[in-house]
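The residues making up each chain are set out below.
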Amino acid sequence: MDRIAPWLQTHWDARAAGNFIGGGTGSGLAIVAAAMLLASGETQPAAFALAALLIALGLGLVWLEMGRPWRFLHVFLHPHTSWMTREALIAPPLLAALGIAAWFEGAASGVAALVLSLAFLYSQSQILRAAKGIPAWREPRIVPLLVATGIAEGAGAYLLLGAVFGVLPESPFAIALALAAIFARSLAWSSYRRHFARGSAPTGTRGALAAISPTVVMLGTFVPFVLLLAALALPDAVNALAPLGGLAALAAGWWMKYAIVRRAAFNQGFAIAQPPAERSGATRAEARPGWS
Amino acid sequence: MTRWAMVVDLRRCVGCQTCTAACKQANATPPGVQWRRVLDMEVGEYPEVQRTFVPVGCMHCDDPPCMHVCPSTATRKREDGIVTIDYDLCIGCGYCMVACPYQARFKTDRASFAYGDRPTDAEDKGFDGGRLAVATKCTFCVDRVDAGTAQGLTPGIDPEATPACVNSCIAGALHFGDIDNPASNVSHLVAGNTHFRMHEELGTGPRMYYLWG
């Protein structure tokens, strides 16, 4: 029996989701680390190193998903229109900039890391936007959502890293940055969800997004907001509260991206704008199974 | 300028799947891969229910999203509008498959055959290892079209130059021809009947026209 109503795509699996998770968090972490370096002179070489590792890990997962992995150099052939090519082209200089920033801690390397990380994160979000066959991905609101969540995850990872290495940020700037990114993500998520509530996606997509929304809102917005605001208000407890808030922001972002790539990714399905007329002049309503 | 297109008369299609079988035979596609499918759709609600058969496949779009996203330039669009895949360039990333709103692309990672692990004689003849782990799809039988036009034949009129699915249709529901030529068979059909194109709102410019009234 042919499938007619939209069904969950299986072409991109958890490895693809891993690229958006690793690349998003990695580039977000690099953006936050570079912003800290440029704004307050605070350096965390481990943040740049971890960012590079996460980005490389994500790209490695994509490589594992290729049917013909030893042709990987062909990925660079179409920068004119393919965001996958653009992401791949940005990756080598970005990794180099992160390596330099981790080693030399100079302002110039910070600027390079910041610009290239933003470009990488933007390219990643456009990869999904250009996938016209998946209504949950092609919606333009996915771009601000993925950029905001990447920075929120990066800020979360930055705070978590500080706890792991015992070098928590000296200034409240990192926490303020995390709060701003989490707020931006909550706005982007709300706008993205509102769009689909109006029925411009298959029922499966709407159901999947509705199912993850409480987690994204609670774990991704409410919990980190409370913890990070408490960390600002209670300097004595910052070592415990800030990393926990960061962890919540990070985990919610990963879960959201995994769900968008793997659970909400119903395809377009098939539809006929006008069923054939049984008699001359007769018309019938459009048939679009799985959308209402 | 020639621009190949397909016209499907939904009032004529009986859902026999002969086009599907002809495509599989002509293109030696493995089990589970159907470049030309016929959907069996129920339309309406009881008691006003109607059964409609809808042939689908690659729409050879005017603005193909699969081509734009392809990172390797394996997917291209010819001057005559046929969207092709260079199997030697394709990296099998699957990006085109999620970009296509018509579910027209397939990827098989391992060789598979209709009866167990070994190919039948016919499958052996048509087997192409170069099509494993890369994207594949309907080509509008581009080899037949090219070979036919090189001999001065007219695709859509002369069977030797016409896609296998169109040749095989028992009900005269499938038609192929040059939509840019106002005198062509497909131009006459589109002009003389009401029609739609699937998912036209997405702006892909699909070149399969469905006649309905």
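Refer to the structure printed above.
Bear in mind the structure is a predicted one, so any value in this text is a computation, not a measurement.

Can you walk me through the sheet that holds strand β8 (residues 208-211) of chain B in this structure?
Across a sheet, strands are paired by hydrogen bonds formed along the backbone, either parallel or antiparallel in direction. Residue and element names in this part refer to chain B. Strand order in the open sheet formed by four strands is β6-β1-β8-β7, and the pairing between neighbours is mixed. The outermost strands of the open sheet, each flanked by one partner alone, are β6 (174-178) and β7 (195-196). Here five bridges tie strand β1 (residues 4-9) to β6, and the two strands are oriented antiparallel to one another. When the bridges of β6 are listed, Ala-5 appears paired with Gly-177. Sheet contacts for helix α7 (residues 185-192): β1, β6, β7 and β8; angle to β6, the most-contacted strand, approximately 115°.

For this particular structure, what's the right way to read the interface of chain B and chain A?
Bring the parts together and some accessible area is lost; that lost area is often taken as the interface size. Each side of the interface is counted separately: chain B has 43 residues, and chain A has 38 residues. Every element with two or more residues in the side of chain B that touches chain A is listed here: β2 (37-43), β3 (50-56), α2 (65-69) and α3 (95-99) of chain B. Of the residues contributing to the side of chain B that touches chain A, the split by class is 27 nonpolar, 11 polar and five charged.

Just checking my understanding: could you explain helix α2 (residues 45-65) of chain A for this structure?
The periodicity of an α-helix, 3.6 residues per turn, causes residues three or four positions apart to be oriented the same way. Residues and elements named next belong to chain A. In this model, α2 (21 residues) spans 31 Å end to end at C-alpha, consistent with the 30 Å of a helix rising 1.5 Å per residue. Looking only at α2, the buried set comprises Ala-47, Phe-48, Leu-50, Ala-51, Ala-52, Leu-54, Ile-55, Gly-58, Leu-59, Leu-61 and Val-62. The elements touched by buried residues of α2 are α1 (14-40), α3 (83-104), α4 (107-129) and α6 (142-165).

What am I meant to see in the nonpolar core here?
One broad trend across soluble globular proteins is that nonpolar side chains are buried collectively. Among the nonpolar cores identified, the biggest contains 161 residues, and Val-32, Ala-33, Ala-51, Leu-98, Ala-155 and Ala-178 of chain A are the most heavily contacted of them. Apart from residues lying up to four places away in sequence, Ala-155 of chain A is in contact with Val-32, Ala-174, Leu-177, Ala-178, Ala-181, Gly-246 and Ala-249 of chain A.

Any chance you could explain the packing of α4 of chain A against α6 of chain A here in plain terms?
The angle between the axes and the distance between the axes are what describe a pair of packed helices. Residue and element names in this part refer to chain A. It is at 8 Å that the axes of α4 and α6 come closest, and there the two elements cross at 140°. Between α4 and α6 the crossing geometry is right-handed. In this structure, α4 uses Leu-121, Tyr-122, Gln-124, Ser-125, Gln-126, Leu-128 and Arg-129 to contact α6, whose residues at the interface are Ile-142, Val-143, Leu-146, Val-147 and Gly-150. Here the residues of the contact of α4 with α6 sort into seven nonpolar, four polar and one charged.

Even after reading the chapter, I still don't get the environment of Leu-95 of chain A, so can you show me in this structure?
Residues and elements named next belong to chain A. Here Leu-95 is to be found in helix α3. Taking the C-beta count within 10 Å as the criterion, Leu-95 has 20 such neighbours and is therefore assigned buried. Counting along the chain gives 47 residues from Leu-95 to Ile-142, while the straight-line C-alpha distance between them is 25 Å. If sequence neighbours within four positions are ignored, Leu-95 has contacts with Ala-52, Ile-55 and Ala-56.

Reading guide: rules and limits
- Residues numbered from 1 in each chain as written.
- Chains lettered and ligands numbered in written order.
- Predicted model: local features only at pLDDT ≥ 70, side-chain atom pairs only at ≥ 80, totals over all residues.
- Pairing = 2+ DSSP bridges.
- Helix = DSSP H or I, 4+ residues; strand = E, 2+ residues; numbered from the N terminus.
- Contact = placed C-beta atoms within 7 Å.
- Axes fitted to C-alpha atoms, helices over the stretch in contact; angles between N-to-C directions.
- Nonpolar A, V, L, I, M, F, W, Y, C, P; charged D, E, K, R; others polar.
- Expected span 1.5 Å × (residues − 1).
- Buried ≥ 20, exposed ≤ 12 C-beta atoms within 10 Å, placed from the backbone.
- Core = buried A, V, L, I, M, F, W, Y, C linked by C-beta atoms within 7 Å.
- Left-handed = near helix turned anticlockwise from the far one by under 90°.

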